[in-house]
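What the coordinates show
Listed below are the residues making up each chain.
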Amino acid sequence: MTYWYVEDAGGGCKAFSEVLVLVSENPQRIYKRLLPLSWDKTITLEDMVCRQVLEMIEEAGVTRKDYLYVCSSNLFHDLHKWLTENGYHWETAKMDGLAHQVAENMFQSQIVEAGFPSDIRLEDRNYSNFYRLVDAWVREDNSRCRYVKDMRVRCKPPQFRYVLRANTGRTRKCSRCRKKITPYTPVVQYRFREQGKKKTRYYHAGCTPVEPHKNKLEPARIVWKENIIAGVVLSARENRPCQVCQREIPAGDKAVHACLGKELVFGHLECLAVPDK
């Protein structure tokens, strides 16, 4: 079995191509791609990334007996789906090793070759500051506009920005019916920009104007005090005991959250789930 790592670099910069790498550390094998600055706008960014990585997978001869660690970035959403549908063994991971080094070095080489000062480098993963310096350098000279990414093909269609997910512990107001969205129930989140500012709207699942593109909702039907109620599965924010078995659920572990009136219901899914008939 060979372990492969899929990483990217440069996605947060307004200029220069995104870097994609496929790396094996033992034996050491490295495959690299640069996304074009522009392409046919009928192809989404995630699809373009998936196509480039699949080319590298084929070139490297990666098989279903191998294991892939893939960056969790949304850039790889279509790749995640493809790997699952095609029976590959994989998981998301934060990259710290060779794949990360290769990707960052390749992005640095790309900008230095264009004339960017070689002594200015990414430090301590402070991407926002580094990309701000790169963008400022590009704006200094109109001839450098040729390095700017085509954001029209990279921008998600509006329907891609609607996400069905679990509401957290706060009450929200539906942007359509103006009624309350109660805690720990399904909610559609829509993120957008208005006059340069990031904004968010929320909708009941039945009020959303567009069907959500990605489903981040983990629903649960549970029994509590002889009532069957709907809840959601979320990561626990702090160490808390299950209200059924009293065993502690550590912060970060998945747990059922629900509300019965104003009462919070919290616990293991196996402790609260509706029993099979």
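Structural notes, computed from the coordinates. (Residues numbered from 1 in each chain as written. Predicted model: local features only at pLDDT ≥ 70, side-chain atom pairs only at ≥ 80, totals over all residues. Heavy atoms only, no water.)

**A look at the nonpolar core**
One finds L22, V53, L68 and F76 to be the most contacted residues of the largest nonpolar core, which totals 26 residues. When contributions to this core are tallied by element, the ones reaching two or more residues are β1 (3-9), β2 (19-25), α1 (45-60), β4 (67-70) and α2 (77-85). Ranked by the residues each element gives to this core, the list is headed by α1, at 8 residues. Contact partners of L68, with chain neighbours within four places excluded, come to W4, V6, L22, I57, V62, L83, Y88, H89, W90 and E91. In terms of nonpolar packing, the next biggest core, distinct from the first, is built from 23 residues, A15, L98, I111 and V138 among them. (Core = buried A, V, L, I, M, F, W, Y, C linked by side-chain atoms within 4.5 Å. Buried < 20%, exposed > 50% of the residue type's maximum accessible area, 1.4 Å probe, protein only. Helix = DSSP H or I, 4+ residues; strand = E, 2+ residues; numbered from the N terminus. Contact = heavy atoms within 4.5 Å.)

**Section: the side chain of Q52**
Residue position: Q52 is located in helix α1. With residues up to four places along the chain from it excluded, the contact list for Q52 reads L20, R33, L35 and P36.

**A short note on α2**
Within the sequence span of α2, burial applies to L79, H80 and L83. Along the axis of α2, the buried positions cluster into a sector of 105 degrees, meaning they face one direction only. Contact partners of the buried residues in α2: β1, α1, β4 and β5 (89-92). Remark: G87 follows α2 within two positions and exhibits a positive phi of approximately 75 degrees. (Arc of directions from axis to C-beta.)

**Quick look at unusual backbone geometry**
Look at the link from N26 to P27: it is a cis peptide, with omega at 0 degrees. Along the polypeptide, P27 turns up in the loop between β2 and β3 (28-34). A positive phi angle is found at K225, which is not glycine, with a value near 55 degrees. Examined against the element boundaries, K225 turns out to sit in the loop between β12 (219-224) and β13 (227-235).

**Quick word on the state of the cysteines**
The full count for this structure, using the stated rule, is 0 disulfides. You can see C71 has no disulfide; the closest cysteine sulfur is in C50, sitting 14 Å from it. We classify C71 as buried; its relative accessible area is 14%. Looking at the unpaired C155, the closest cysteine sulfur is the one in C13, lying at 17 Å. (Disulfide = S-S within 2.5 Å.)

**So, the packing of aromatic side chains**
Within this structure, the stated rule accounts for 16 aromatic pairs. A ring pair is formed by W4 and Y31, whose centres lie 6.2 Å apart and whose planes are at 50 degrees; its orientation type is tilted. Of this pair, W4 sits in strand β1 while Y31 sits in strand β3, placing them 27 residues apart in sequence. Of the two residues, W4 and Y31, both sit in the buried class. Taking the centre distance of 5.2 Å and the plane angle of 15 degrees together, the rings of Y190 and F192 count as stacked. Comparing Y190 with F192, the two get one shared label, buried. Among the aromatic residues, those joined into a cluster by ring pairs are F16, F107, F116, Y127, F130, Y131, W137 and Y147. One residue, R172, lies across the ring of Y202, its end atom 4.2 Å from the ring centre. (Phe/Tyr/Trp six-rings, centres within 6.5 Å; stacked < 30°, edge-to-face > 60°. Lys NZ or Arg CZ within 6 Å of the ring centre and 35° of its normal.)

**Some details on the packing of helix α3 (residues 98-113) against helix α4 (residues 127-139)**
As a packed pair, α3 and α4 sit with axes 12 Å apart at the nearest point and diverge in direction by 20 degrees. One finds that α3 runs roughly parallel with respect to α4. Between α3 and α4 lies a crossing of left-handed hand. Residues H100, E104, F107, Q108 and I111 of α3 lie in contact with α4, whose contacting residues are Y127, F130, Y131 and V134. Along the lines of polarity and charge, the residues of the contact of α3 with α4 split into 6 nonpolar, 2 polar and 1 charged. (Axes fitted to C-alpha atoms, helices over the stretch in contact; angles between N-to-C directions. Parallel < 35°, antiparallel > 145°, perpendicular 65-115°, else oblique. Left-handed = near helix turned anticlockwise from the far one by under 90°. Nonpolar A, V, L, I, M, F, W, Y, C, P; charged D, E, K, R; others polar.)

By themselves these figures say nothing about function.
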